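Descriptive structure summary
So the chains spell out like this:
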Amino acid sequence: MSELLDLLDTLPWLPALGWALLNFVWQGALIGVLIAGALRLLAQAPARHRYLVCGLGLLWCLALPLSACLQAWVAGPGELEQALEFSSELLWMQALTELMPQVVLAWILGVGLMSLRLAGGLWWVRGLRRAAAPAPAEWQLRLELLARRLGLRRPVRLLLSEAVSGPVALGLLRPLVILPCSLLSQMPPALVEALLAHELAHVRRWDYGINLLQSLAEALLFFHPVVWWLSERMRAEREQVADALAAQALAQPRDLARALQQLSEWQPPVLPLVQAARGRHGGLLLQRVRGLLQPGERLMPAWKLALPALLLALGGLLAQAQAKVNAGSEAGTEAAVLAALPPTAASEPEPAGPAASAVAAQAVLQAASSAPSQPTAVLAAPTRPTTSGWRLPVNARHAVVIEEGSGRVLMAKDADEPVPIASLTKLVTAMVVLDARQDPQEQLRIADEDVDRLKHSASHLKVGSRLPREAALKLALLSSENRAASALARAYPGGLEAFRQAVRRKLQGLGLQRTVIQEPTGLSPENVSTASEMARIAAAASRYSEINAITSASKARVPVNGQAREFHNTNRLVGRKGWDILLSKTGYTEEAGRCLTMRMKEAGKAVTVVLLDADGSAQRLKDAAAIRRSLGR
């Protein structure tokens, strides 16, 4: 389950879908209030008017989340996060963002169950059609005469079955009406004709197809009571519309009322979901009888069914309004509280000793001199932070922010503790692969050895897929594709063991004494480093133009098996308006938590940011947003 949630969390459309579903909670409630008011005003109007209002309301319910998803998709994967700006004042919104994979997964499971319910109903209809027997020729002729009176030109068959307790109309292109076998012998012919006229009215109006569309809406928006209320009310109004059409085709319209009354006394059970001619509660037969005998009588209002969702929506709107009112004051309050805390209450930076600082400076300078010449900022030896150093309450358990050029540590939090680094490993993998200077267009094949047997993580690359080495490098860095990273290591000159030796030499050349890389993907918890040394790895990786170009792009089209496929950056901040990210890499395993390293510019400052072991994607991005705001002050 955790792997499935991790896969969902990497999908670029996940936030848009999740927020569309959550926002529909209050949007659907408001729709329910409006439709309930309209139905109350139309209580004396013909049933077709109320039916139209219910249909428009249900269509509105579908259109709102769909349009929200489409707008977010057109705007780009990072636009939603830009709107939220990961504001630390809206803590409830951050909590919802953190739960977005679970929300979407629950919705997918619910839609799956509702789809099985719908498929079961369709299967029941299929069996019913096959088991039913043709009706006597006399009744088939009566059905055809009634169809002509209703202006129905499509041929309709009349069948008999013991599996139904009441009449039912099925089918679109080849419609049929099925009656209980006992109905012809237990009910007067005139009343049976009245029921047949009612079912033919459904056929004329294509109600079977409309009911299937309603069932689809119920499956997609199963979580909202207003959708169920609208759909049920629509079915009830549909019955009265069909009653009115049938009454016009009958010589004695009151025969239909008598037939419905007799049918209600039998108390037939509710038929399956796909049955178009009836709704729940037997199609509200008693109410329909009253409607035929007393057309002016008002219907009982059903808007109260939307009350639970309405209360939930109003609560959400009030909370959102209160958050907007208090947004400015909370920021100042938080700053005052942090300033009043004693130094030990905040995250104090750990100063580096002189020996460590010298080694750090020497290592980075060696990396700069050995890499291809390209203008870049080089980290100097970390210096002891002054009293102006930040005290940000970041969620990440290990963090460091270093100003490039001067090497000044702006913020540090347990930055020298070796911890698993997950897919941040791929920065080292990419450097070692690029150092080998192999043909970037050479075709690599994803083999069974590249499949993750440790974490059983998902992959977009099937075994047997072929792609250029350059494409594999893009996938490993941009979308953190583990199989691509493994294939790059296997194709290293001399094989996987030679790759491991090259990694060890690379780490030694950078002077990294607390970093250990055992395999190329980062899936192993034995791949460890510190926040401080990860900053130096990011500085070394920034000397490679290929790594900068790949990781600073929000998406890329990559050829796989000769066909271009689009992949997105796992860091949703990349490409977002207002963010100038020069290099980026994310990582996640259960042992490592959510990790992020990136080089960015803000307010004329270039910094390297490392966040290790954050509690979730939203917390990781919230930490990055807090650091960015501090740079702009």
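These figures come from a predicted structure and were not determined experimentally.

Rules behind the numbers
Counting starts from 1 at the beginning of each chain's written sequence and moves along it residue by residue. In keeping with the model being predicted, local features are shown solely for residues with a pLDDT of at least 70 and side-chain atom pairs are shown and tallied solely at 80 or more, while totals for entire chains, interfaces and linings include all residues. Side-chain figures throughout are based on the complete set of non-hydrogen atoms in the structure, without hydrogens or water. Classification of ring pairs uses Phe, Tyr and Trp, with its six-membered ring standing for Trp, and accepts pairs whose centres are within 6.5 Å; under 30 degrees between planes counts as stacked, over 60 as edge-to-face, and the remaining range as tilted. Numbering of helices and strands starts at the N terminus; helices are DSSP runs of H or I of at least 4 residues and strands are runs of E of at least 2. Using a 1.4 Å probe on the protein chains alone, a residue whose accessible area is under 20% of its type maximum counts as buried, one over 50% counts as exposed, and one in between counts as partly exposed. As a reminder, the over-ring test applies to NZ of lysine and CZ of arginine, requiring each to be within 6 Å of the ring centre and within 35 degrees of the ring normal. Summary of the metric used: pLDDT quantifies the predictor's per-residue confidence within the range 0 to 100. Any two residues having at least one pair of non-hydrogen atoms within 4.5 Å are treated as being in contact. The term salt bridge refers to a pairing of a side-chain nitrogen on Lys or Arg with a carboxyl oxygen on Asp or Glu at a separation within 4 Å. Among buried residues, those of type Ala, Val, Leu, Ile, Met, Phe, Trp, Tyr and Cys that are joined through side-chain atoms within 4.5 Å constitute a nonpolar core. At least two bridges found by DSSP between two strands is the condition for calling them paired. Comment: axis = line fitted to C-alpha atoms, over the contacting stretch for helices; angle = value between 0 and 180 degrees taken between N-to-C directions. The scheme is simple: roughly parallel for angles under 35 degrees, roughly antiparallel for over 145, roughly perpendicular for 65 to 115, oblique for anything else. Gly falls in the polar group here, along with every residue not listed as nonpolar (Ala, Val, Leu, Ile, Met, Phe, Trp, Tyr, Cys, Pro) or charged (Asp, Glu, Lys, Arg).

**Observations concerning the packing of aromatic side chains**
- Under the counting rule described, the total for this entry stands at three aromatic pairs.
- Between Phe-24 and Phe-223, the aromatic rings sit 6.2 Å apart at their centres with planes inclined by 85°, giving edge-to-face as the arrangement. Of this pair, Phe-24 sits in helix α2 (residues 14–41) while Phe-223 is found in the loop between α10 (207–220) and α11 (225–249), placing the two residues 199 residues apart along the sequence.
- By relative accessible area, Phe-24 is classed as buried at 0%.
- A relative accessible area of 31% places Phe-223 in the partly exposed class.
- Their ring planes at 75° and their centres at 5.9 Å tell us that Tyr-492 and Phe-499 sit as a pair that is edge-to-face.
- Its relative accessible area of 1% is what places Phe-499 among the buried residues.
- Here the aromatic cluster, defined as three or more aromatic residues joined through ring pairs, consists of Phe-24, Phe-222 and Phe-223.
- The positively charged end of Arg-154 is found above the aromatic ring belonging to Trp-206, 3.7 Å away from the centroid.

**A closer look at the confidence of the model for the chain**
- With 73% of its residues at a pLDDT of 70 or more, the chain has an overall mean of 77.
- Low pLDDT (under 50) marks residues 77–91, which in the prediction has 38 contacts with non-local residues, meaning those over four places away or in another chain.

**A short note on the pattern of salt bridges**
- Scanning the model with the defined rule gives 19 salt bridges in all.
- For Asp-435, the salt bridge goes to Lys-506, with nearest N and O atoms at 3.0 Å. Of the two residues, Asp-435 is situated in helix α16 (residues 425–435) and Lys-506 in helix α19 (residues 495–509); the sequence distance between them amounts to 71 residues.
- Between Asp-450 and Arg-490 there is a salt bridge; the shortest N-O distance is 2.7 Å.

**Points about the nonpolar core**
- Judged by nonpolar contacts, the single largest core of 60 residues is most densely connected at Val-400, Met-431, Leu-475 and Ile-547.
- Judged by nonpolar contacts, the second largest core, of 30 residues, contains Trp-139, Leu-150, Val-203 and Ala-249.

**Comments concerning the environment of Ala-236**
- In this fold, Ala-236 is placed in helix α11.
- Overall, Ala-236 belongs to the buried group, its relative accessible area being 12%.
- Note: C-alpha distance between Ala-236 and Ala-47 (189 residues apart in sequence) is 9.4 Å.

**Some thoughts on the sheet that holds strand β15 (residues 605–614)**
- Spatially, the five strands line up as an open sheet ordered β6-β5-β15-β14-β13, and their pairing is antiparallel. What marks the edges here is a single partner per strand, and that holds for β6 (409–413) and β13 (580–589). The mean inter-strand angle of the sheet, taken between neighbouring strand axes irrespective of direction, is 5°.
- Note: strand β5 (residues 398–403) against β6, four bridges, orientation antiparallel.

**Description of the packing of α2 against helix α6 (residues 100–131)**
- α6 packs onto α2 with a crossing angle of 70° between their chain directions and a minimal axis gap of 9 Å. In terms of orientation, α2 and α6 fall into the roughly perpendicular class. Of the residues in α6, those in contact with Leu-14, Pro-15, Leu-17, Gly-18, Trp-19, Leu-21 and Leu-22 of α2 are Met-100, Pro-101, Val-103, Val-104 and Trp-107.
- Grouping the constituent residues of the contact of α2 with α6 by class yields eleven nonpolar, one polar and no charged.

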